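For reference, the chains in residue letters:
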Amino acid sequence: MKKMLLILALAMVSFANAQKGTILVGGNIGYSSEKTDREIASAKNNVFQFSPKIGYQFHDNWTAGVEFSVVSSKSTLGEGEGKANNFKTGAFVRYTMPLNETFSVFADLGAGFQNQKFKNYENGSLVSDNKANGFYTGITPALFINMKKGFGLNFSIGGLGYETLNYDNDNVDYSKFFVNFGKTVNIGISKNF
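Computed from a predicted model, the values in this text were never measured in an experiment.

### A closer look at the overall build of the protein chain
Helix and strand counts for the protein chain stand at one helix and 10 strands. Along the protein chain, helices (α) and strands (β) appear in the sequence α-β-β-β-β-β-β-β-β-β-β when read from the amino end. Against the globule reference of 16 Å for 193 residues, the protein chain gives a C-alpha radius of gyration of 21 Å, more extended than a compact globule. Sequence separation of at least 24 residues holds for 56% of the intrachain contacts in the protein chain that already meet a minimum separation of 6. Of the accessible surface of the protein chain, which amounts to about 12,400 Å², a share of 61% is contributed by carbon and sulfur atoms.

Structure (structure tokens):
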């Protein structure tokens, strides 16, 4: 019983606010569906994304940790169908500046490895199977709203990044630099323990 009370007391103290020595758990989940009807052929695209992260707050303003992302998409165009799976895993560092007890602004700098698998089908038969590996890096500024005891919502409106993919089958090298402030909106959740 004493151990349970001690664990409960420690849990309540850790819920107070993000501070040195706490664990950050957070992430985003997203889904989109798009359909275009045309006379020639209709097109449809479904995308699911899950991006968790966990970090250790080693200073009142600094957190370091690991991030992971999985994106699964399926697109159809007439009789053709494409399926893609993207995986990212890497590390991040976050600098947080509290504005008051409710609001904080932060910036995440992340980098890591990414992998993509894409299969293209025509009339139910596999036409192509492509795999690619590469790297990514990016910085994302965001706003944190503390809802209650370290649990809150994260809002970001884009960021700055660079990524590469090298395809095995086609000897294609892909690289992308992007600045998408104001073009995307992400809402996520996080909790400090």
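Okay, back to it.
### Topic: the pattern of salt bridges
Counted under the stated rule, the structure contains six salt bridges. Between Lys53 and Asp108 there is a salt bridge, with the nearest N and O atoms lying 2.8 Å from each other. Within this pair, whereas Lys53 is found in strand S2 (residues 43-57), its partner Asp108 is found in strand S5 (residues 103-122), the two being separated by 55 residues in sequence. With a relative accessible area of 18%, Lys53 lands in the buried category. On the accessibility criterion, Asp108 (8% relative accessible area) is buried.

### So, the side chain of Ser156
As for its placement among the helices and strands, Ser156 is situated in strand S7 (residues 151-156). Judged by relative accessible area, Ser156 falls into the buried class, the value being 9%. Beyond its immediate stretch of four places on either side in the chain, Ser156 contacts Thr140, Pro141, Ala142, Thr184, Val185 and Asn186.

### What to know about the packing of aromatic side chains
In the structure shown here, the tally under the stated rule is two aromatic pairs. A ring pair is formed by Phe113 and Phe135, whose centres lie 6.4 Å apart and whose planes are at 80°; its orientation type is edge-to-face. Separated by 22 residues along the polypeptide, Phe113 in strand S5 and Phe135 in strand S6 (residues 125-148) bring together distant segments of the chain. The ring of Phe92 carries the charged tip of Lys53 above its face, separated from the ring centre by 4.4 Å. Taking the ring centre of Phe106 as reference, the NZ or CZ of Arg94 above it sits at 3.8 Å.

### What to know about the pairing of strand S8 (residues 160-167)
Along any regular strand the residues' side chains alternate between the sheet's two faces. Here S6 pairs with S8 via six bridges, running antiparallel. Paired with Tyr136 across the bridge in S8 is Glu163. Both S8 and strand S9 (residues 173-179) contribute to a ladder of seven bridges, which runs antiparallel. Within S9, the residue paired with Leu165 across the bridge is Tyr174. Adjacent in sequence and paired antiparallel, S8 and S9 are bridged by five residues, among which Asn171 carries a positive phi angle near 50°.

Cut-offs and rules
- Residues numbered from 1 in each chain as written.
- Predicted model: local features only at pLDDT ≥ 70, side-chain atom pairs only at ≥ 80, totals over all residues.
- Heavy atoms only, no water.
- Helix = DSSP H or I, 4+ residues; strand = E, 2+ residues; numbered from the N terminus.
- Rg over C-alpha atoms; globule rule 2.2 N^0.38 Å.
- Contact = heavy atoms within 4.5 Å.
- Areas by Shrake-Rupley, 256 points an atom, 1.4 Å probe, with all protein chains shown as cover.
- Salt bridge = Lys/Arg side-chain N within 4 Å of Asp/Glu carboxyl O.
- Buried < 20%, exposed > 50% of the residue type's maximum accessible area, 1.4 Å probe, protein only.
- Phe/Tyr/Trp six-rings, centres within 6.5 Å; stacked < 30°, edge-to-face > 60°.
- Lys NZ or Arg CZ within 6 Å of the ring centre and 35° of its normal.
- Pairing = 2+ DSSP bridges.

So far we have only geometry, and geometry alone does not tell us how the molecule works.
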